[in-house]
Amino acid sequence: MQEKITFSFLGGDIRQRECASIIESEGHKVKTFGIDNILGKDITVYDKLNETFFNCDVLMLPIPYKNKKGFINIMDEKHSLALNDIEAYLKSDIKIILGKADNEFRKYVDKYGFEYFDLLQDEAFAILNAIPSAEGAIQLAMEYSDITLHGSNVLVLGFGRLGKTLARMLKGIGANVTVEARKSEDLAWVVENGYNGIHLSNLNNILSKQDFIFNTIPFLILDRNRLKQINTQTVIIDLASYPGGIDFEAARELGIKAKLELGLPGIVAPKSAARIIWEITKEVLKI
């Protein structure tokens, strides 16, 4: 018989809500705080944090665990929690699963010695998570534009996990796909996959010809000078970690449609994204 484990979900988006429901349906106990509209016979909803909430085997934090303001990522806006607000409840025997562990979080790891697992550093999670991210980005591109992706010139910045998935899907739609990469081996794979390849140093030569641009690179790549080369009708979707890879202030001043889209899996395909979280979590916990 499978051992029953207690999971405490502290905040998160719709993915966490769906994941909590999946876990409860598989026979585990679940506690939640800051997650709306969740019901289950083995789900306990907390309105206030206390020691009982943290009396669990696994603490599930959001992905990423911080929002743009540096607080724990909680859907319910009436709750505003920083990491130091839960410090008193952290224990060495607790396991924490989260996304994007930063230096502040690691200081608490060093201080209290608890185990943690960063889903965003896991290769399998990153590959599987790229699928709903790419689908969501394509969906938004269609919503933000009055032209089809089919037959359009589309630039994908970066050829990592998400860049690869995006390029493949866009080509399948019928877009004319160009992929930016810096390594010669990546550029070789770009060509082998049937895309147009461009090195970062030559990027300015093609920016004016693009109808859509998807950025996956987590540092500033489309600065003011590069944005000046881009047509004002071009739709730019930034999928990189906050603060993204685009000078958004410059884009606004230049009249360019540029959107930073974070957490797309939780927006466009929360049930699929939640299942990915749970499958990786089961492997980590060996259950």
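These numbers come from a predicted model, not from an experiment.

Caption draft 1: Quick look at the overall build of the chain. Looking only at helices and strands, the chain has nine helices and 12 strands in total. Taken against the 2.2 N^0.38 rule, which gives 19 Å for 287 residues, the C-alpha radius of gyration of the chain at 21 Å falls within 12% of a compact globule. Across its three principal axes, the chain shows a C-alpha extent of roughly 60 × 40 × 35 Å. Buried positions account for 51% of the 287 residues belonging to the chain. Long-range pairs, those at least 24 residues apart, make up 56% of the contacts in the chain between residues at least 6 apart in sequence.

Caption draft 2: Representation of the environment of alanine 88. Assignment of secondary structure puts alanine 88 in the loop between β4 (58-60) and β5 (95-98). The exposure class assigned to alanine 88 is exposed, which follows from its relative accessible area of 74%. Taking C-alpha positions, alanine 88 is 47 Å from leucine 227, a pair spaced 139 residues apart along the chain.

Caption draft 3: Quick peek at the nonpolar core. By size, the foremost hydrophobic cluster in this structure holds 28 residues, and its most contacted members are Leu166, Leu170, Val177, Val179 and Phe214. Elements with a contribution of two residues or more to this core: α3 (123-144), β7 (153-157), α4 (161-173), β8 (176-181), α5 (184-192), β10 (212-215) and β11 (235-238). When residues in this core are grouped by element, the largest group, six residues, is from α3. Those residues in contact with leucine 166, other than ones at most four positions away along the chain, are Ala134, Ala137, Ile138, Phe214, Thr216 and Leu239. If you look at the next biggest cluster of nonpolar residues, it comprises 24 residues, including Cys56, Leu61, Ile72 and Ile86.

Caption draft 4: Seen up close, the environment of threonine 52. Mapped onto the fold, threonine 52 is located in the loop between β3 (43-46) and β4. For the pair threonine 52 and tyrosine 89, spaced 37 residues apart in sequence, the C-alpha separation works out to 9.4 Å. Other than its neighbours up to four places away in sequence, threonine 52 contacts Lys31 and Tyr46.

Caption draft 5: The arrangement of the packing of α3 against helix α9 (residues 270-285) in detail. The contact between α3 and α9 brings their axes to 10 Å, and the two run at 165°. Classified by the angle their axes make, α3 and α9 are roughly antiparallel. You can see that α3 and α9 cross each other, and the crossing is right-handed. Contact residues: Ala124, Phe125, Leu128 and Asn129 in α3; Ile276, Ile277 and Ile280 in α9. Here the contact of α3 with α9 is built from residues that sort into six nonpolar, one polar and no charged.

Caption draft 6: Expanded view of the sheet that holds β5. If you trace the six strands from one edge of the open sheet to the other, you get β3-β2-β1-β4-β5-β6, paired in parallel fashion. Lying at the two open borders of the sheet, with one neighbouring strand each, are β3 and β6 (115-118). Direction aside, neighbouring strands of the sheet carry axes that sit 20° apart on average. Pairing geometry for strand β2 (residues 29-33) and β3, over four bridges, is parallel. Considered in β3, the bridge of valine 30 is made with isoleucine 43. Each of β1 (6-10), β2 and β3 touches helix α1 (residues 14-25); the most contacted strand, β1, lies at about 170° to it.

Caption draft 7: Representation of the sheet that holds strand β9 (residues 196-199) within the structure. Strand order across the open sheet formed by six strands is β9-β8-β7-β10-β11-β12, with parallel pairing between neighbours. Unpaired on one side and paired on the other, β9 and β12 (257-260) mark the two borders of the sheet. Taken pair by pair, the neighbouring strands of this sheet meet at an average axis angle of 20°, ignoring direction. Inspection of the sheet shows β8 paired to β9 by four bridges, in the parallel sense. The partner of valine 179 across the bridge, within β9, is glycine 197.

Caption draft 8: A look at the packing of α3 against α4. Following both chains from N to C, one finds α3 and α4 inclined at 45°, their axes separated by 8 Å at the closest point. Taken together, the axes of α3 and α4 are oblique relative to one another. Along this stretch, α3 crosses α4, giving a crossing that reads as right-handed. Of the residues in α4, those in contact with Glu123, Ala126, Ile127, Ala130, Ile131, Ser133, Ala134, Glu135, Ala137, Ile138 and Met142 of α3 are Arg161, Leu162, Thr165, Leu166, Met169, Leu170 and Ile173.

Conventions and cut-offs
Residues numbered from 1 in each chain as written. Predicted model: local features only at pLDDT ≥ 70, side-chain atom pairs only at ≥ 80, totals over all residues. Heavy atoms only, no water. Helix = DSSP H or I, 4+ residues; strand = E, 2+ residues; numbered from the N terminus. Rg over C-alpha atoms; globule rule 2.2 N^0.38 Å. Buried < 20%, exposed > 50% of the residue type's maximum accessible area, 1.4 Å probe, protein only. Contact = heavy atoms within 4.5 Å. Core = buried A, V, L, I, M, F, W, Y, C linked by side-chain atoms within 4.5 Å. Axes fitted to C-alpha atoms, helices over the stretch in contact; angles between N-to-C directions. Parallel < 35°, antiparallel > 145°, perpendicular 65-115°, else oblique. Left-handed = near helix turned anticlockwise from the far one by under 90°. Nonpolar A, V, L, I, M, F, W, Y, C, P; charged D, E, K, R; others polar. Pairing = 2+ DSSP bridges.

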